[in-house]
Amino acid sequence: MGERRVSDFEGRVYAALCEVPRGCVTTYGLLAKRLGAASARAVGQALRRNPFAPGVPCHRVIRADLRMGGFQGAAAGARVARKRRMLAAEGVLFEGGRLKEPARVFRFPR
DNA sequence: AGACCCGGACGCG
DNA sequence: CGCGTCCGGGTCT
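Procedures and definitions
Residues numbered from 1 in each chain as written. Chains lettered and ligands numbered in written order. Predicted model: local features only at pLDDT ≥ 70, side-chain atom pairs only at ≥ 80, totals over all residues. Heavy atoms only, no water. Phe/Tyr/Trp six-rings, centres within 6.5 Å; stacked < 30°, edge-to-face > 60°. Helix = DSSP H or I, 4+ residues; strand = E, 2+ residues; numbered from the N terminus. Buried < 20%, exposed > 50% of the residue type's maximum accessible area, 1.4 Å probe, protein only. Core = buried A, V, L, I, M, F, W, Y, C linked by side-chain atoms within 4.5 Å. Contact = heavy atoms within 4.5 Å. Salt bridge = Lys/Arg side-chain N within 4 Å of Asp/Glu carboxyl O. Near = heavy atom within 4 Å. Polar contact = N/O pair within 3.5 Å; in protein donor to acceptor, adjacent residues only side chain to side chain. Nonpolar A, V, L, I, M, F, W, Y, C, P; charged D, E, K, R; others polar.

Observations concerning the packing of aromatic side chains
A full pass over the atoms with the stated rule returns two aromatic pairs. Judged by centre distance (5.7 Å) and plane angle (90 degrees), the ring pair of Tyr14 and Phe52 falls under edge-to-face. Note that Tyr14 is positioned in helix H1 (residues 8-17) and Phe52 in the loop between helix H3 (40-48) and strand E2 (61-62), a separation of 38 residues in sequence. We classify Tyr14 as buried; its relative accessible area is 3%. With a centroid separation of 5.3 Å and an interplanar angle of 80 degrees, the aromatic rings of Phe106 and Phe108 are classed as edge-to-face.

Encoded structure:
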């Protein structure tokens with residue numbers, strides 16, 4: 001059976017992500033820092049297996065270089081296209097493959 | 001222990 | 001800018 005426990009790390013990732021408001025995005029690296037971890041990849045893995053989608057807005061996480069990054073296990077293709085549409089619906093646009101307005105990157109309060 | 005992963009930083013041409 | 005390469009950390013085999 002597929003019931004999988006949410007690890008402590010995953011729980012912290014999801015909680016931190018929920019701080020990011022609609023219309024904003026954050027990056028894997030920023031989330032990692034926020035958790036005191038140093039691995040953006042570990043964050044990506046946790047999001048990839050996000051059991052609370054779309055309650056936990058994993059589509060609001062992009063790469064540090066302001067490209068979109070993956071979505072639901074895919075680095076490109078239909079899933080990523082869906083991610084772009086979800087963001088566009090919130091006013092977060094991409095241009096030339098990069099975030100159009102870098103000011104939309106959310107600053108976590110300290 | 002080793003492989004795998006939705007990234008990131010750095011070096012070089 | 002576009003590589004290539006190493007890195008780190010959490011989870012799954």
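What about unusual backbone geometry?
Look at Leu66: it is not a glycine, yet its phi comes out positive at around 70 degrees. Take Leu66: it is sitting in the loop between E2 and helix H4 (78-88). The class of Leu66 is buried, set by a relative accessible area of 16%. Here Gln72, not a glycine, exhibits a phi torsion of approximately 50 degrees, which is positive. Taking relative accessible area as the criterion, Gln72 reaches 43% and is therefore assigned partly exposed.

Points about the nonpolar core
A general tendency of soluble globular proteins is for nonpolar side chains to be buried together. Within the largest apolar cluster, 29 residues are counted, with the highest numbers of intra-cluster contacts made by Leu47 and Leu99. The set of elements that each furnish at least two residues to this core consists of H1, helix H2 (28-34), H3, E2 and H4. Element by element, the count of residues in this core is highest for H1, at four residues. With residues up to four places along the chain from it excluded, the contact list for Leu99 reads Val25, Ile62, Leu66, Val92, Leu93, Phe94 and Val105.

A short note on the pattern of salt bridges
One pass over the full model with this rule turns up six salt bridges. Arg63 serves as the salt-bridge partner of Asp65, at 3.6 Å between the closest nitrogen and oxygen. Looking at Asp65, the relative accessible area reads 30%, which means it is partly exposed. One salt bridge connects Arg104 with Glu101, and the closest N-O pair in it is separated by 2.8 Å. By relative accessible area, which is 25% here, Arg104 ends up partly exposed.

Regarding the protein's contact with DNA strand B
The local shell around DNA strand B holds 16 residues, among which Tyr28, Arg41, Leu47, Arg48 and Ala64 are the closest. Here a phosphate oxygen of DNA strand B and a backbone polar atom of Gly29 are 3.2 Å apart. Counting only elements with at least two residues in the surface near DNA strand B, the list comes to H2 and H3. A total of six residues in the surface near DNA strand B trace back to one element, the largest contributor, which is H3. A breakdown of the residues in the surface near DNA strand B according to their chemical character gives five nonpolar, eight polar and three charged.

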